[in-house]
Amino acid sequence: MRILSVAAALLLGLSHTVQATTIDEAVSKIDRLVHQHTEDGKFSGTVLIAKGDEVLYETATGLASQRFDVPNTLETRFNMGSGTKMFTAIATLQLVQAGELQLTDTLDKYADESWLPREISSKIQIQHLLTHASGLGSYFTDEFFEASRYKYKAIEDYKPLVVVDKLEFEPGTDYRYSNNGMLLLGVVIQSVSGKSYYDYISDHIYAPAGMQNSGCFPTDMPFKNVAIGYHATDKSPVGYASNVVYKPLRGGPAGGCFSNVHDLQRFANALTSHKLLDKQFTDMLFTPKAEFHQEPYGYGFKVAGTPDDRIVGHSGGFYGVSANLDIYLDRGLMVAVLSNLSSAAHILRPKIREILATVD
């Protein structure tokens, strides 16, 4: 764990009725919180708080492998779950910015009927997929969980799970969080770019951001520094079970790719300095798109905070996976929490936000 001193003049700007604290006091509270959760068995993973290139706080706790007692480190790579949707959204807008794709294009231009019947795909616009307004659902069905994970190695392997999907509502009229929608954006990216989704993300997001430790690593390959995910269960004599039999063999456009906290710092810096998209299109990511959303949601990014203190990013969760990235647009901060325990990052997120809100 490392805590770096920051000048008292650093302003983090939310007004609260609680007593104001300095940034050093805040990170000390966060450090105690993280390690208390670790001692209680509620957290295993890494946390990083930064302002631009300056790390204000970082720590790693718990085990990357309970079987072999391998500790998590700041270089450990964790499954981000749905955090990957941020990369998919950025890739989509890069193609729009380049004039190769339109937000109002319909899905049938890029995905044939082996993916969805045309009577459905012709109603769905690219912008509907980006905002979970397509009416589609998720490929995490009984058929998925009952099948061998080796059945789903490539994006195209999900066709049988997607093609049977039905619209819950007319596209653009309501909100339904949709993994199928984001997966289909990956299909669009491949169709327009002529590259695989994985190559496009690597070339156009990871590389320009300097994210050398991120990727959609197949779980049957021995990639280094990759944490094993665990979920609590009373069916295990040790209280936990590995998520290996639950998660897809390889993540994709809707979720399941890996990163570490330092790469997420690089990602946040590249995004907010407009290295991935110009200012106009970057701002589009963070602008809530419809009143019917259950929570403010832009293009692949959740939006929180207040109008003059915006927090954008995304969370991710699955068996043995919990992750969250908060980017404080108006204060220049970013907070990355990655864990290989179910729900652990989601429990910490509101508590860390509350502590940072007191900083004066």
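Along each chain, numbering runs from 1 in the same order as the chain's sequence is written. Since the coordinates come from a predicted model, pLDDT governs what is reported: local features require at least 70, and pairs of side-chain atoms require 80 or more to be given and counted, while whole-chain, interface and lining totals use all residues. Values reported for side chains reflect all heavy atoms of the structure, with hydrogen atoms and water molecules removed beforehand.

### Considerations on the confidence of the model for the chain
(1) Moving on: Values of pLDDT, ranging from 0 to 100, describe the predictor's confidence in every residue of the model. Residues of the chain with pLDDT of at least 70 account for 93%, and the chain-wide mean is 92.
(2) Moving on: Residues are treated as being in contact if the distance between any of their heavy atoms lies within 4.5 Å. Within the model, pLDDT remains below 50 along residues 2-17, and this stretch shows 34 contacts once partners closer than five positions in the same chain are excluded.

### Let's talk about the side chain of S214
(1) Moving on: Its location among the elements puts S214 in the loop between α8 (197-209) and β7 (230-232).
(2) Moving on: Assessed through its relative accessible area of 10%, S214 is described here as buried.
(3) Moving on: Each polar contact in these results corresponds to two N or O atoms within 3.5 Å; when the atoms are within protein, one needs to be able to donate a hydrogen and the other to accept it, and residues that are neighboring in sequence are counted only if both atoms are side-chain atoms. Within the structure, S214 has its side chain in polar contact with the side chain of S259 (distance 2.7 Å).
(4) Moving on: Not counting chain neighbours up to four residues away, the residues in contact with S214 comprise Y206, F258, S259 and D263. Helix and strand definitions follow DSSP, with helices as H or I runs of at least four residues and strands as E runs of at least two, each counted in order from the N terminus. Think of it in three bands: with a 1.4 Å probe and only protein chains considered, a residue is buried below 20% of the maximum accessible area for its type, exposed above 50%, and partly exposed in between.

### A closer look at the nonpolar core
Generally speaking, soluble globular proteins have nonpolar side chains that are buried together.
(1) Moving on: Within the largest apolar cluster, 79 residues are counted, with the highest numbers of intra-cluster contacts made by L93, F267 and L285.
(2) Moving on: Setting aside residues no more than four positions away along its own chain, F267 makes contact with M86, F87, I90, I205, A209, M211, L276, F301 and L325.
(3) Moving on: As used in this record, nonpolar core signifies buried Ala, Val, Leu, Ile, Met, Phe, Trp, Tyr and Cys residues forming a set joined through side-chain atoms within 4.5 Å. Counting residues in hydrophobic clusters, the runner-up holds 25 residues, among them A26, I30, V47 and Y57.

### Examining the pattern of salt bridges
(1) Moving on: Within this document, salt bridges are pairs made up of a side-chain nitrogen of Lys or Arg and a carboxyl oxygen of Asp or Glu, the two lying within 4 Å of each other. Counted according to the given criterion, the structure contains ten salt bridges.
(2) Moving on: For K195, the salt bridge identified is with D203, shortest N-O distance 2.7 Å.
(3) Moving on: Of the residues examined, K195 reaches a relative accessible area of 31% and is grouped as partly exposed.

### Comments concerning unusual backbone geometry
(1) Moving on: One non-glycine residue, H132, lies in the positive phi region at around 60°.
(2) Moving on: You can see H132 is positioned in the loop between α4 (126-130) and α5 (142-146).
(3) Moving on: The phi torsion at S343 lies on the positive side, around 70°, for a residue other than glycine.
(4) Moving on: With relative accessibility at 38%, the residue S343 sits in the partly exposed group.

### With respect to the packing of aromatic side chains
(1) Moving on: We call Phe, Tyr and Trp rings a pair once their centres come within 6.5 Å, taking the six-membered ring for Trp, and we label the pair stacked below 30 degrees between planes, edge-to-face above 60, and tilted otherwise. If you walk through the whole model with that rule in mind, you get 20 aromatic pairs.
(2) Moving on: Chaining the aromatic ring pairs together yields one cluster made of Y139, F140, F144, F145, Y152, Y158, Y246, F318 and Y319.
(3) Moving on: The ring of F144 has R149 sitting right over it, with the charged end atom 4.5 Å from the ring centre.
(4) Moving on: Above the face of the Y198 ring, R250 is positioned so that its terminal group lies 3.6 Å from the ring centre. The criterion for a charge sitting over a ring is simple: Lys NZ or Arg CZ within 6 Å of the ring centre, and within 35 degrees of the ring normal.

### Side note on the side chain of D263
(1) Moving on: With respect to the helices, strands and loops of the structure, D263 is situated in helix α9 (residues 261-272).
(2) Moving on: The exposure class assigned to D263 is buried, which follows from its relative accessible area of 0%.
(3) Moving on: Polar contacts involving the side chain of D263 include one to the main-chain amide nitrogen of N213, which spans 2.8 Å.
(4) Moving on: Looking at D263, its side chain comes within polar contact range of the side chain of R266, at 2.6 Å.
(5) Moving on: Among residues more than four places away in sequence, those in contact with D263 are G210, M211, Q212, N213 and S214.

### Quick notes on the environment of W115
(1) Moving on: In this structure, W115 sits in the loop between α2 (85-97) and α3 (118-121).
(2) Moving on: Sequence spacing of W115 and L161 is 46 residues, and the spatial spacing of their C-alpha atoms is 9.0 Å.
(3) Moving on: The contact partners of W115, leaving out residues within four places of it in the chain, are I155, E156, Y158, K159, V162, V163, L183, L184 and V187.

### A look at the packing of α2 against helix α7 (residues 179-193)
(1) Moving on: With their axes 10 Å apart at the nearest point, α2 and α7 run at an angle of 40° to one another. If you check the angle between α2 and α7, you find them oblique. For the crossing formed where α2 meets α7, the hand is left-handed. Residues K85, T88, A91, T92 and L95 of α2 form the contact with α7, whose own contacting residues are N179, M182, L185, G186, I189 and V192.
(2) Moving on: In the scheme used here, Gly and all other residues not listed as nonpolar or charged are polar, with Ala, Val, Leu, Ile, Met, Phe, Trp, Tyr, Cys and Pro taken as nonpolar and Asp, Glu, Lys and Arg as charged. Of the residues that constitute the contact of α2 with α7, the class distribution is six nonpolar, four polar and one charged. For every element, the axis is a line fit to its C-alpha atoms; helices are fit only across the contacting stretch, and the angle between N-to-C directions ranges from 0 to 180 degrees. By the definition adopted for this analysis, an angle is roughly parallel if under 35 degrees, roughly antiparallel if over 145, roughly perpendicular if from 65 to 115, and oblique otherwise. By the definition used in this description, the sense in which the near helix is turned from the far one sets the handedness, with an anticlockwise turn below a right angle giving left-handed and a clockwise turn giving right-handed.

### Things to note about the state of the cysteines
(1) Moving on: Pairs of cysteine sulfur atoms within 2.5 Å are what we label disulfides. Counted by the stated rule, this structure contains one disulfide.
(2) Moving on: Here C216 is linked by a disulfide to C257, with a sulfur-sulfur distance of 1.7 Å. Its S-S torsion of approximately 70° makes the covalent link between C216 and C257 right-handed. Highlighted residues: C216 in the loop between α8 and β7 and C257 in the loop between β8 (240-242) and β9 (258-259), separated in sequence by 41 residues.
(3) Moving on: Exposure remark for C257: the relative accessible area of 1% places this residue in the buried category.

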